[in-house]
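Structural characterization, general
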There are 2 protein chains.
Amino acid sequence: MDAFQDHYPDAVAHCFGCGRLNAHGHQIKTVWNGDETVTRFTPEPYHTAIPGFVYGGLVASLIDCHSTATAAAAMYRQDGRGLDTLPPFRFVTGSLHVDYLKPTPIDGALEIRGRAVEIKGRKVVVETELRAGGVVTARGTVVAVQMPADFGAAPPAPHR
Amino acid sequence: MDAFQDHYPDAVAHCFGCGRLNAHGHQIKTVWNGDETVTRFTPEPYHTAIPGFVYGGLVASLIDCHSTATAAAAMYRQDGRGLDTLPPFRFVTGSLHVDYLKPTPIDGALEIRGRAVEIKGRKVVVETELRAGGVVTARGTVVAVQMPADFGAAPPAPHR
């Protein structure tokens, strides 16, 4: 199944967290699973906090990009439109909240599951859980805000 | 002036955001400026969100590590102890909240300023502002929690 991020227009596909055109970045991929969205990501050994555990900034980053992707996918679904139809929906982060419930082990894949719990005009609220080895180690809430359709159309500095 | 992170014990100096022993990481450095703490960090061109602007996950990461460092420094100061005295104070993140006020330009240094606004037992609340070119683009609140003194003393996997 194509991931949401595979359909981002090129001008907005450079994000370090989720852009398929950012060779240095995480390039996360998010898909639907029923009414939930799912991202799996395997941290590198150097993404460490205390040795053996994942750095909290990575947890925040994964929740952030997973959530803006979920917001866009939820808007397409609400409109009954495919992910590759125009005009594109693309979201930025208005606010990010993460509760770190316990240390996240660094060995093995992480799974982030989320839901768009509220769609109100140009804002979508996304709630997420991050699991390591099936155990929830962090919870996130993101308020994602829809970008104007022409934002990013003329990139000032196309870093690749 | 030595940075707070220069005094972290080796066992807890591997964090991707702030560990001086993580060759792949950001290695941020935080110092006192009166009652405020200050971190300056220059993003790489690939730390992009929309081209030309900083990826929100980096903003969250910088605020996170700046805040745990500030929490430790505030505890040393409250106790009238130097940063290199034992036992060490070291904090992990209980919760992280970031409000993204406007896009953060990627060209040039970012400055994060913070204060420990509350110290209550093992918890320290740190409030921060992130500026680019003198303009505040994000605000953060971190609840930092003091680690047990022996946490990280026997690292399970010393990733460097």
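In the block above lies the structure referred to throughout.
Cut-offs applied
- Residues numbered from 1 in each chain as written.
- Chains lettered and ligands numbered in written order.
- Predicted model: local features only at pLDDT ≥ 70, side-chain atom pairs only at ≥ 80, totals over all residues.
- Heavy atoms only, no water.
- Axes fitted to C-alpha atoms, helices over the stretch in contact; angles between N-to-C directions.
- Helix = DSSP H or I, 4+ residues; strand = E, 2+ residues; numbered from the N terminus.
- Parallel < 35°, antiparallel > 145°, perpendicular 65-115°, else oblique.
- Left-handed = near helix turned anticlockwise from the far one by under 90°.
- Contact = heavy atoms within 4.5 Å.
- Nonpolar A, V, L, I, M, F, W, Y, C, P; charged D, E, K, R; others polar.
- Expected span 1.5 Å × (residues − 1).
- Buried < 20%, exposed > 50% of the residue type's maximum accessible area, 1.4 Å probe, protein only.
- Pairing = 2+ DSSP bridges.
- Buried area = accessible area lost by both parts, 1.4 Å probe.
- Salt bridge = Lys/Arg side-chain N within 4 Å of Asp/Glu carboxyl O.
- Polar contact = N/O pair within 3.5 Å; in protein donor to acceptor, adjacent residues only side chain to side chain.

This paragraph deals with the packing of helix H1 (residues 56–79) of chain A against helix H1 (residues 56–79) of chain B. Where H1 of chain A contacts H1 of chain B, the axes come no closer than 8 Å and their chain directions differ by 150°. In terms of axis orientation, H1 of chain A runs roughly antiparallel to H1 of chain B. For the crossing formed where H1 of chain A meets H1 of chain B, the hand is right-handed. The segment H1 of chain A lies against H1 of chain B, with Gly56, Gly57, Ala60, Ser61 and Asp64 of chain A engaging Gly56, Gly57, Ala60, Ser61 and Asp64 of chain B. Per-class residue counts for the contact of H1 of chain A with H1 of chain B are 2 nonpolar, 6 polar and 2 charged.

Moving on to H1 of chain A. Between the first and last C-alpha of H1 of chain A there are 35 Å, a value that for 24 residues agrees with the 34 Å anticipated at 1.5 Å per step. For H1 of chain A, a buried count of 21 out of 24 residues is recorded, marking the element as mostly surrounded by other parts of the structure.

On to the sheet that holds strand E3 (residues 91–100) of chain A, then. Within a sheet, adjacent strands bond to each other through the backbone by hydrogen bonds, running parallel or antiparallel. If you walk across this open sheet you meet the 12 strands as E1(A)-E2(A)-E4(A)-E5(A)-E6(A)-E3(A)-E3(B)-E6(B)-E5(B)-E4(B)-E2(B)-E1(B), and the pairing is antiparallel. Bordering the open sheet on either side are strand E1 (30–33) of chain A together with strand E1 (30–33) of chain B, each of which pairs with just one other strand. Recorded for the sheet is a direction-independent mean angle of 25° between the axes of neighbouring strands. One ladder, built from 4 bridges, connects E1 of chain A with strand E2 (residues 36–41) of chain A; its direction is antiparallel. Bridge pairing in E2 of chain A places Val31 of chain A opposite Val38 of chain A.

Further remarks concern the interface of chain B and chain A. The interface of chain B with chain A comprises 43 residues on the first partner and 43 residues on the second. Buried area between chain B and chain A, summed over both chains or domains, comes out near 3300 Å², and the portion from carbon and sulfur atoms is 68%. At the boundary of chain B with chain A, the tally comes to 0 salt bridges. Here chain B is connected to chain A by 13 residue pairs in polar contact (both at pLDDT 80 or more). Elements that contribute at least two residues to the side of chain B that touches chain A include exactly H1 and strand E3 (91–100) of chain B. In terms of residue class, the side of chain B that touches chain A is made up of 24 nonpolar, 17 polar and 2 charged.

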